[in-house]
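Listed below, chain by chain, are the residues.
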Amino acid sequence: MASTTDDKPAPEPEKVAPPTEKAAPEMEKAAPPPEGPPRDRFVVVDVFLRLLLFACSVVAVVVMVTSKQTKMLGRLPVAPFSPVFKQAKFNHSPALIYFVAALSVAGLYSLITAAVSFLALLKPSCSTKMIAHFVIFDVLMLGIVAAAAGTAGGVAYIGYKGNSHVMWNKVCNVYDMFCHHVAASHGVSLVASVVLVLLVILSVYSLSKKIPK
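It should be emphasised that the depicted structure is a prediction, and the values quoted were computed from it without experimental measurement.

Q: With reference to specific residues and values, describe the overall build of the protein.
A: The secondary structure content of the protein amounts to five helices and two strands. Mapped from its N terminus to its C terminus, the protein presents α and β elements in the order α-α-β-β-α-α-α. Buried positions account for 30% of the 213 residues belonging to the protein. Split by element, the accessible area of the protein, about 14500 Å² in all, is 69% carbon and sulfur.

And the structure:
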């Protein structure tokens, strides 16, 4: 008789279970969410400088507007010999009126552009067109503020030193408090001019970084 072992069927190969796809979703969950576009650090500096410009403009205007002093300059030469009082105010000089108007415009401008820059900080995709507009208006505002500071400086110098060639007498030896206010306001306006110069440089540099090379 033939052996029965030859009649046995061959063992089937073991079935290998297909690899589970659980690892892939777990890796996807473990991966950190994609970050948004990086915020431009120049925008942060831009917002800070514009707020500083606003503070300087407000201080300069407030100090100039409050520059008011009344002094007794003498008495009438006839009876009843009443004292003569004279008041010094900023609106007695067209140059100082222009100074107050220019710094007021600069303060309003800095507040509006600071808000625009803050919105650009929340939405980092700052457009090149907006930066180009900033450059144009910053240069324009720099010219206005620098002209105002120059006119106020000229008036302050005449008040402190006078001009012997044209017989303009100095008045700061009489209206000392008024002249101190004008000088302080003029000094703050110079700081505002420097801030505007920095804003122009920053805007031009930011614009150059966005231009494809």
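Additional details are given in the paragraphs that follow.
Q: Which residues make up the pattern of salt bridges, and what values go with them?
A: Inspection of the entire model under this criterion finds two salt bridges. Here R50 ties to D46 by a salt bridge, and the two come within 2.7 Å at their closest N and O atoms. Here R50 and its partner D46 are both found in helix α2 (residues 41–65), four residues apart, which amounts to about one turn of the helix. Here R50 falls in the buried class, since its relative accessible area comes to 0%. Taking the relative accessible area as the measure of exposure, D46 reaches 7% and is therefore buried. With a closest N to O distance of 2.9 Å, R50 and D138 form a salt bridge.

Q: Summarise the state of the cysteines; cite the residues concerned and give the values.
A: Inspection of every chain in the model, using the stated rule, returns one disulfide. Through a disulfide, C172 is tied to C179; the S-S separation comes to 1.9 Å. Between C172 and C179, the disulfide has an S-S torsion of -90° and is therefore left-handed. The pair formed by C172 and C179 is uniform in burial state, with each residue classed as buried.

Q: Give me the side chain of S67: which residues, what numbers.
A: Here S67 is to be found in the loop between α2 and β1 (69–75). Here the side chain of S67 touches M64 through a polar contact of 2.4 Å, landing on its backbone oxygen. If we ignore the near neighbours within four places in the chain, the residues touching S67 are A88, K89, F90, F178, H181 and V182.

Procedures and definitions
- Residues numbered from 1 in each chain as written.
- Predicted model: local features only at pLDDT ≥ 70, side-chain atom pairs only at ≥ 80, totals over all residues.
- Heavy atoms only, no water.
- Helix = DSSP H or I, 4+ residues; strand = E, 2+ residues; numbered from the N terminus.
- Buried < 20%, exposed > 50% of the residue type's maximum accessible area, 1.4 Å probe, protein only.
- Areas by Shrake-Rupley, 256 points an atom, 1.4 Å probe, with all protein chains shown as cover.
- Salt bridge = Lys/Arg side-chain N within 4 Å of Asp/Glu carboxyl O.
- Disulfide = S-S within 2.5 Å.
- Polar contact = N/O pair within 3.5 Å; in protein donor to acceptor, adjacent residues only side chain to side chain.
- Contact = heavy atoms within 4.5 Å.

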